[in-house]
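Here's the letter readout for the chains.
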Amino acid sequence: MTDLPPTTAQHVVIYTDGACKGNPGPGGWGAMLTSGDTVKELFGGEMGTTNNRMEMTAVIEALAALKRPCRVTLYLDSEYVRKGITEWISGWKARGWRTAAKQPVKNIDLWQKLDNLITSSGHTIEWRWVKGHAGDPGNERADALANKGVVLALSRG
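Rules used throughout
All residue numbers refer to position in the chain's written sequence, counted from 1. In view of the model being predicted, local features appear only for residues whose pLDDT reaches at least 70, and side-chain atom pairs are presented and counted only at 80 or more, with totals across whole chains, interfaces and linings using the full set of residues. In computing side-chain properties, one takes all heavy atoms of the structure into account and sets aside hydrogens as well as water. Here a pair means two rings of Phe, Tyr or Trp (six-membered ring of Trp) with centres within 6.5 Å. Their orientation is stacked below 30 degrees between planes, edge-to-face above 60, and tilted elsewhere. Helix and strand assignments come from DSSP, with helices taken as H or I runs of at least 4 residues and strands as E runs of at least 2, each series counted from the N terminus. Burial classification: accessible surface area is computed with a 1.4 Å probe over protein chains only, and a residue below 20% of its type maximum counts as buried, one above 50% as exposed, and the rest as partly exposed. Working rule for helices: expected span equals 1.5 Å times residues minus one. By definition, a residue's bend is the angle between the axes fitted to the seven residues ending there and the seven starting there. The contact rule is simple, with two residues in contact once any of their heavy atoms fall within 4.5 Å. Interaxial angle, 0 to 180 degrees, is taken between N-to-C directions of lines fitted to C-alpha atoms, where a helix line uses only the stretch in contact. Roughly parallel here means an angle under 35 degrees, roughly antiparallel means over 145, roughly perpendicular means 65 to 115, and every remaining angle is called oblique. Polar here means any residue other than Ala, Val, Leu, Ile, Met, Phe, Trp, Tyr, Cys and Pro, which are nonpolar, and Asp, Glu, Lys and Arg, which are charged; Gly is therefore polar.

1. Describing the packing of aromatic side chains
Each aromatic ring pair is specified by the distance between its two centres and by the angle formed by the two planes.
Here is step 1 of the chain: Applying the stated criterion across every chain, the model contains 4 aromatic pairs.
Here is step 2 of the chain: Their ring planes at 65 degrees and their centres at 5.4 Å tell us that Y80 and W111 sit as a pair that is edge-to-face. Placement of Y80 in helix α2 (residues 79-94) and of W111 in helix α3 (residues 108-121) is noted, with a sequence separation of 31 residues between them.
Here is step 3 of the chain: Judged by its relative accessible area of 0%, W111 falls in the buried class.
Here is step 4 of the chain: Here the aromatic rings of W92 and W111 are separated by 5.0 Å at their centres, their planes lie at 65 degrees, and the arrangement is edge-to-face. Of this pair, W92 sits in helix α2 while W111 is found in helix α3, placing the two residues 19 residues apart along the sequence. For the pair W92 and W111, a shared accessibility class is recorded, and that class is buried.
Here is step 5 of the chain: Taken together, the aromatic side chains of Y80, W88, W92 and W111 make up a single cluster linked through ring pairs.

2. Some remarks on α2
Here is step 1 of the chain: For α2, which comprises 16 residues, the first-to-last C-alpha distance of 21 Å matches the rise-based estimate of 22 Å (1.5 Å per residue) to within 8%.
Here is step 2 of the chain: Maximal helix bending in α2 amounts to about 65 degrees, located at W88.
Here is step 3 of the chain: Burial in α2 covers these residues: Y80, V81, R82, G84, I85, I89, G91 and W92.
Here is step 4 of the chain: On its buried side, α2 packs onto α1 (51-64), β4 (71-76), α3 and β5 (124-129).
Here is step 5 of the chain: Just beyond α2, the residue with positive phi is G96, at close to 70 degrees.

3. Some thoughts on unusual backbone geometry
Most peptide bonds adopt trans geometry, and most residues besides glycine take a negative phi value.
Here is step 1 of the chain: The omega angle of the peptide bond from N23 to P24 is 15 degrees, so this bond is cis rather than trans.
Here is step 2 of the chain: By the secondary structure assignment, P24 is in the loop between β1 (11-20) and β2 (25-35).
Here is step 3 of the chain: Its identity is not glycine, yet N107 carries a phi of approximately 60 degrees, on the positive side.
Here is step 4 of the chain: Inspection of the secondary structure assignment puts N107 in the loop between α2 and α3.
Here is step 5 of the chain: A positive phi angle, near 55 degrees, is found at H133, a position not held by glycine.

4. So, the packing of α2 against α3
Here is step 1 of the chain: Put simply, α2 and α3 touch, their axes get as near as 11 Å, and they point 90 degrees apart. It follows that α2 is roughly perpendicular to α3 by the angle criterion. Contacts from Y80, V81, G84, I85, I89, W92 and K93 of α2 reach α3 at W111, L114, D115 and I118.
Here is step 2 of the chain: Tallied by class, the residues present in the contact of α2 with α3 amount to 8 nonpolar, 1 polar and 2 charged.

Take a look at the structure:
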């Protein structure tokens, strides 16, 4: 657990999403960060990936874009990422990055990157699940950005 940032820490609201056309297949990630009147949008993509990897990459890229410790409210529609980081990761680490069934954790590279980013950033993060494709404006925008990432990946081949 990191020390809480001062109450003067900037509050940032982040929406993230991942998309994949085929699983595996070409994928994209998107993130929308807002603080006050400032909005920053990020997206990217890659070939031969999975939806879960794109969901995780969206969170990693959004948090990495913050330049100083912030109070973050992070909305995502991936229970895999939310539960992984808030419930499962401590057990995985205690078991040497193995699941309860003694299998290697999938996407270990991204889990370790996310874990290191969170523990070294000084951010306090409130993880909030939001139902995907249900009309939430922030989630819909993150989804549109993730789909732009798919197009980007396809254009690069």
